[in-house]
2 protein chains.
Amino acid sequence: MTRQEHHRLRGVLAPVLTPFDADLKPDPARFVRLCQWLTRQECGLAMFGTNSEGNSLSVDERIALLEAAAGAGIPAEHMLPGTGSCSLADAVTLTRLAVRAGCAGVLLLPPFYYKEITDDGLFAFFSELIERVGDSRLRVYLYHIPAVSKVGFSHALIERLLRRYPGAVAGMKDTGGDWDYTARTIERFRDSGFDVFAGTETILLDTLRAGGAGCISATANVNPRAIVHLYETWRDPEAQARQEALNAVRARFASYPLIAAMKCAVAAATGDAGWNRLRPPLMPLDATRQVALHRALAEVAFSIEAL
Amino acid sequence: MTRQEHHRLRGVLAPVLTPFDADLKPDPARFVRLCQWLTRQECGLAMFGTNSEGNSLSVDERIALLEAAAGAGIPAEHMLPGTGSCSLADAVTLTRLAVRAGCAGVLLLPPFYYKEITDDGLFAFFSELIERVGDSRLRVYLYHIPAVSKVGFSHALIERLLRRYPGAVAGMKDTGGDWDYTARTIERFRDSGFDVFAGTETILLDTLRAGGAGCISATANVNPRAIVHLYETWRDPEAQARQEALNAVRARFASYPLIAAMKCAVAAATGDAGWNRLRPPLMPLDATRQVALHRALAEVAFSIEAL
């Protein structure tokens, strides 16, 4: 569920999987259907994230999918598109478009080609971006995923960005895999209105208890209802049991490449094998592993059946 | 010097520095002047490489610079533009344009966002790209720079690509920093017509003695004449002394971020401080370091004076 509480995004969002047609072009029809289904589960739409293969898309392809979703009547205030790029020019183009479309915010990777770059360089990148977009509606969520991007966000950098752009810098998706960093980030910046979303629902309860805002997780593509339910009821005595049930579903995917496994699950649930397509360099599960995953998922109750 | 020997690129190429205007937009006028000067030094043009900040440019910006160079009469057969991208769609667009412009080849990074990807996935990416471009003039040079891209080329992958696309897969720029890998790559694939370019002129002589094709090196932006001279005379008794002289120039840059230092050297040589601009997240040298570098360069003879 995404809510605008005092104009702040909260709750559970899915990095919406990107379907491809037989020619490996993004398929807006399948994409819109998944967005609509997720919206009905009160799950927000973090399209063009890592699990969306967002960086495997061109700028024009991201724009076309965003416009397809908006054109289908999906409320932009549920959307948190990934608009990051190694190219400042592209990041500005995408971010400006998202803001004008009324998106709740944008999820911004650091530029990820160069390594060992300085906080000064990252500050300059985000500073240029925020000022070039130049729109008071802009809400930037920093995307911390150092295992993939190899470039992360230090607390000193976050503090500097928050001080300079207190309205625009709104929060973070933290896929760092380091609970200590997550807890310290929430603690240090919560009074600045900086909202931390966990990068996996396996720490959703801990994140909410610590004062975080929710989660943005691959598995929300296939199990949104139960994850949203934990978000809505996290103060209940049953919350821990619900967290464990979420973890049990997530564990079924643990031995597979995550994006391929998510697409395989959607293909199985919809009966539409076309969902199994990934853009190279990512590859679909082979037939044997598809069958094995279907069996593993049949043993747990989760919500993809409704798609 | 780039030569078409049996349609093969050989010699010395510079990853052409990308100048930016005060608004951080690429500046075609300065770019063309640098390309023209390098061409007069018989240095080939590997524009849009790492040291060109190629991944900090949008697709349209890369296209505009390539067209500006071609429009200024610079022969496309001296050009080896970087056309790689995390997005297959963008890599196809750029590669197709470069081939149609008559470029000697294209320098292709592996898609570099996702980590721990398989050789199958990389093979699929290059396979899709080569087949989608679908042009017998295509010459692909694999860009091996694992310290930055974090994704490299195994010999098994090169062999598989060469077997499937013997005409299109033409060689490699090897910035791996591992001489053993370089030597083994040259040895293993030279009979397949696979040309290895060293990623730095500090191993140019070793590379040529081992059977490699030349080098593509940042420093060729500022010291092309001497590097080309070593390439042309590597069998001379004086070659080792010439290699050592190249190394002495290169060593002057060793304690600086390389791209910023190259731009600082060009700014000094041309008296045009505008050359000191980099696109974030990269940053120019600060004033103190600019002065220190100017002093260090004044002590060595190198060829930038002619620009």
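Just above, that's the structure.
Reading the values: rules and limits
Residues numbered from 1 in each chain as written. Chains lettered and ligands numbered in written order. Predicted model: local features only at pLDDT ≥ 70, side-chain atom pairs only at ≥ 80, totals over all residues. Heavy atoms only, no water. Helix = DSSP H or I, 4+ residues; strand = E, 2+ residues; numbered from the N terminus. Rg over C-alpha atoms; globule rule 2.2 N^0.38 Å. Buried < 20%, exposed > 50% of the residue type's maximum accessible area, 1.4 Å probe, protein only. Contact = heavy atoms within 4.5 Å. Expected span 1.5 Å × (residues − 1). Polar contact = N/O pair within 3.5 Å; in protein donor to acceptor, adjacent residues only side chain to side chain. Axes fitted to C-alpha atoms, helices over the stretch in contact; angles between N-to-C directions. Parallel < 35°, antiparallel > 145°, perpendicular 65-115°, else oblique. Left-handed = near helix turned anticlockwise from the far one by under 90°. Nonpolar A, V, L, I, M, F, W, Y, C, P; charged D, E, K, R; others polar. Least-squares fit on C-alpha atoms with pLDDT ≥ 70 in both.

Draft legend 1. Local environment of the overall build of chain A. Tallying secondary structure elements over chain A gives 12 helices and eight strands in all. On C-alpha atoms alone, chain A measures out to a radius of gyration of 18 Å, which is about the 19 Å that the 2.2 N^0.38 rule sets for 307 residues. Across the 307 residues that make up chain A, the buried fraction comes to 62%. Here the contacts in chain A between residues at least 6 apart in sequence split such that 72% fall between residues at least 24 apart.

Draft legend 2. Region of interest: helix α1 (residues 28-40) of chain A. Residues and elements named next belong to chain A. Across its 13 residues, α1 extends 18 Å between first and last C-alpha, which sits within 8% of the 18 Å expected from 1.5 Å per residue. For α1, the complete set of buried residues consists of R30, F31, V32, L34, C35, W37, L38 and T39. Contact partners of the buried residues in α1: β2 (8-14), β3 (44-45), α2 (59-71) and α9 (224-232). The N-terminus of α1 is capped by D27, whose side-chain oxygen sits 3.0 Å from the backbone nitrogen of A29. Downstream of α1 by one or two residues, E42 has phi in the positive range, about 60 degrees.

Draft legend 3. Region of interest: the packing of α9(A) against helix α10 (residues 239-251) of chain A. All names here are of chain A. Interaxial distance between α9 and α10 falls to 10 Å at its minimum, and their mutual angle equals 155 degrees. Of the possible angle classes, the one that applies to α9 and α10 is roughly antiparallel. Our pair here, α9 against α10, has a crossing hand that is left-handed. Of the residues in α10, those touching α9 at A226, I227, H229 and L230 are A239, R242, Q243 and L246. For the contact of α9 with α10, the per-class residue count stands at five nonpolar, two polar and one charged.

Draft legend 4. Region of interest: the relation of the copies chain A and chain B. By a simple turn and slide, chain A fits onto chain B: the slide is 0.0 Å along the axis, the RMSD is 0.0 Å, and the turn is 180 degrees. Such a combination of rotation and displacement between the chain copies is what one expects of a two-fold axis. The C-alpha atom lying nearest the rotation axis in chain A is that of A:Y113; the distance is 4.0 Å. Taken as a fraction of all interface residues of chain A, those also at the interface in chain B reach 100%, which identifies the copy contact as same-surface.

Without other data, these values stay purely geometric and don't point to any function.
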